[in-house]
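Below, each chain spelled out in residue letters.
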Amino acid sequence: MNKRLVRPTLVWLIILVILPLPLLWLLNAGLTDSFHNLLIYDLGLLAYTYWLTIVYLSMRPKWLERWLGLPKMYLVHGLLGACALALALLHSQLSFSMQRWVVLTGWLALYLAIGGVFYAAFFLSGWLVDYSPRAAKLKKRLQRPFNHRVPLWLHRLNFVVIALIWFHVHLIPRLYQLTGFIILFDCYTLVAVAAYCWQHFVATNLAKNKGWVIGNRPLSPRVQEVTVKLSSQASPYQAGAVYFLSFRGRGIPAEWHPFSGASASQAAPPEVKLVIDRVGDFTKRIGQVPPGCPVVLQGPFGGFEQEIEAAAPKRRSF
């Protein structure tokens with residue numbers, strides 16, 4: 001069977017079935033209730049497990065990117081968000097009466113999740129704007145008030161959602177008494193939050209993920225070439241590889257943005273040339289980045305040369 005089909009299938013099987021299975025088993029084995037009520041608990045638990053997985057996928061784990069590819073990983077991330085939201089809505093509509101704080105934390109988490117998913121679908125993907133000219137015009141009008149810092153805060157709201165759901169579960173006496181379930185539930189939460197904190201507060205400070213700008217020149221009125229000297233510990237890359245960069249100097253925001261490398265890692269220590277089309281609010285200011293500006297990098301991800309080599313045998317056949 002084709003690897004392009006096997007790998008995504010295995011990823012979906014692990015995420016949708018294997019990952020939540022231990023929690024579902026402990027909950028259903030320890031809780032005595034009707035099938036209807038157990039189903040309500042299960043729907044909420046599935047939604048929460050998928051939400052934690054979304055947080056993990058947002059870190060773009062290198063092992064999964066090498067195995068699946070960045071575009072497909074983003075597709076899994078988006079579809080899983082929609083799936084988690086649908087399950088959470090079912091859970092809320094079928095739920096029975098609970099204590100006041102249980103209800104309040106659950107509804108607050110749901111409203112925040114709905115807002116985050118719809119904002120991401122409209123502003124951070126092409127699911128709507130690529131197929132609706134009116135939606136594209138509306139997005140263009142709203143991009144200035146909803147600048148790139150809004151998605152940053154929306155990603156942080158994910159942890160508010162996680163905290164609310166964590167309290168939501170711990171406030172239900174019947175669930176809190178299931179010691180094995182609660183311990184594993186807390187372990188799932190801790191692993192997702194700890195992995196995110198490591199990626200954003202520890203890994204970004206490692207020497208191999210740092211560099212500095214050594215060149216910044218216009219190639220045309222709209223195109224800029226930025227050259228970044230990488231650390232001697234940086235991973236090798238191929239032309240077309242994607243880096244997520246955060247410039248840490250004055251005059252330009254420090255938010256993360258993806259750029260493709262237009263060179264191959266031949267220098268020692270390596271350097272990467274980025275050819276950037278100045279079309280957005282951020283990229284229009286890219287010419288202001290001075291040589292010597294520190295840069296933090298995530299990547300490299302993928303590689304255009306790998307795609308060409310994979311397709312080459314088929315193209316040579318007549």
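Going by the structure above, here's the rest.
A brief look at the structure comes next. Worth saying up front: this structure is predicted, and the values here are computed from it rather than measured.

Calculation rules
Residues numbered from 1 in each chain as written. Predicted model: local features only at pLDDT ≥ 70, side-chain atom pairs only at ≥ 80, totals over all residues. Heavy atoms only, no water. Phe/Tyr/Trp six-rings, centres within 6.5 Å; stacked < 30°, edge-to-face > 60°. Helix = DSSP H or I, 4+ residues; strand = E, 2+ residues; numbered from the N terminus. Buried < 20%, exposed > 50% of the residue type's maximum accessible area, 1.4 Å probe, protein only. Lys NZ or Arg CZ within 6 Å of the ring centre and 35° of its normal. Salt bridge = Lys/Arg side-chain N within 4 Å of Asp/Glu carboxyl O. Polar contact = N/O pair within 3.5 Å; in protein donor to acceptor, adjacent residues only side chain to side chain. Contact = heavy atoms within 4.5 Å. Arc of directions from axis to C-beta. Patch = residues over 30% accessible without salt bridge, like charges linked within 9 Å, V, L, I, M, F, W, Y side chains within 5 Å. Areas by Shrake-Rupley, 256 points an atom, 1.4 Å probe, with all protein chains shown as cover. Pairing = 2+ DSSP bridges.

### Notes on the packing of aromatic side chains
Turning to step 1, where the next piece is worked out: Enumeration according to the criterion identifies six aromatic pairs in this entry.
Turning to step 2, where the next piece is worked out: Between Y48 and F185, the ring centres sit 4.8 Å apart and the planes meet at 20 degrees, which makes this aromatic pair stacked. Taken as a pair, Y48 in helix 3 (residues 35–57) and F185 in helix 10 (residues 179–202) lie far apart in primary sequence, 137 residues in all.
Turning to step 3, where the next piece is worked out: Overall, Y48 belongs to the buried group, its relative accessible area being 2%.
Turning to step 4, where the next piece is worked out: Arranged with centres 5.6 Å apart and planes meeting at 35 degrees, the rings of W107 and Y111 form a pair that is tilted. A residue pair is termed a helical-turn pair when its members lie 3 or 4 positions apart in one helix, as W107 and Y111 do in helix 6 (residues 100–123) at four residues.
Turning to step 5, where the next piece is worked out: Overall, W107 belongs to the partly exposed group, its relative accessible area being 32%.
Turning to step 6, where the next piece is worked out: Taken together, the ring pairs connect Y48, F181 and F185 into an aromatic cluster.
Turning to step 7, where the next piece is worked out: The aromatic ring of F244 is capped on one face by R60, whose charged end is 3.6 Å from the ring centroid.

### Some words on the pattern of salt bridges
Turning to step 1, where the next piece is worked out: Applying the stated criterion to the full structure yields four salt bridges.
Turning to step 2, where the next piece is worked out: A salt bridge links R174 to D33, with the nearest nitrogen and oxygen atoms 2.6 Å apart. Remark: D33 occurs in the loop between helix 2 (21–30) and helix 3 and R174 occurs in helix 9 (residues 173–176); sequence separation between them is 141 residues.
Turning to step 3, where the next piece is worked out: For R174, a relative accessible area of 33% puts it in the partly exposed group.
Turning to step 4, where the next piece is worked out: For D33, a relative accessible area of 27% corresponds to the partly exposed category.
Turning to step 5, where the next piece is worked out: In this structure, E225 engages R217 in a salt bridge whose closest nitrogen and oxygen atoms are separated by 2.9 Å.
Turning to step 6, where the next piece is worked out: Accessibility expressed as a relative area gives 11% for E225, which makes it buried.

### Topic: the side chain of R60
Turning to step 1, where the next piece is worked out: Structurally, R60 can be placed in the loop between helix 3 and helix 4 (62–68).
Turning to step 2, where the next piece is worked out: A polar contact of 2.4 Å, which involves the side chain of R60, links it to the side chain of Q298.
Turning to step 3, where the next piece is worked out: Contacts of R60, omitting those with residues within four sequence positions, involve L70, M73, Y74, F244, Q298 and F301.

### What about helix 2?
Turning to step 1, where the next piece is worked out: Within helix 2 the residues assigned to the buried category are L23, L24 and L27. Seen end-on, helix 2 carries its buried residues on one side only, within an arc spanning 95 degrees. In this structure, helix 2 carries W25 and A29 as exposed residues pointing more than 90 degrees from its buried face.
Turning to step 2, where the next piece is worked out: Buried residues along helix 2 sit against helix 3, helix 9 and helix 10.

### Observations concerning a nonpolar patch on the surface
Turning to step 1, where the next piece is worked out: On the surface, L10, L13, I14, L16, V17, I18 and W67 cluster together into a nonpolar patch covering about 550 Å² of accessible area.
Turning to step 2, where the next piece is worked out: With six residues, the single largest contributor to the nonpolar patch is helix 1 (residues 3–18).
Turning to step 3, where the next piece is worked out: By the secondary structure assignment, L16 is in helix 1.
Turning to step 4, where the next piece is worked out: Overall, L16 belongs to the partly exposed group, its relative accessible area being 31%.

### A short note on the pairing of strand 2 (residues 223–230)
Turning to step 1, where the next piece is worked out: Counted residue by residue, strand 2 has seven buried out of eight residues, so it is predominantly covered.
Turning to step 2, where the next piece is worked out: Judged from the seven bridges that link them, strand 1 (residues 210–218) and strand 2 form a sheet pairing that is antiparallel. Looking across to strand 2, one finds that P218 is bridged to Q224.
Turning to step 3, where the next piece is worked out: Here strand 1 folds back onto strand 2 in antiparallel fashion, the turn holding four residues.
Turning to step 4, where the next piece is worked out: Where strand 2 meets strand 5 (residues 271–277), seven bridges bridge the pair, whose relative direction is antiparallel. Looking at the pairing, Q224 lines up with I276 of strand 5.

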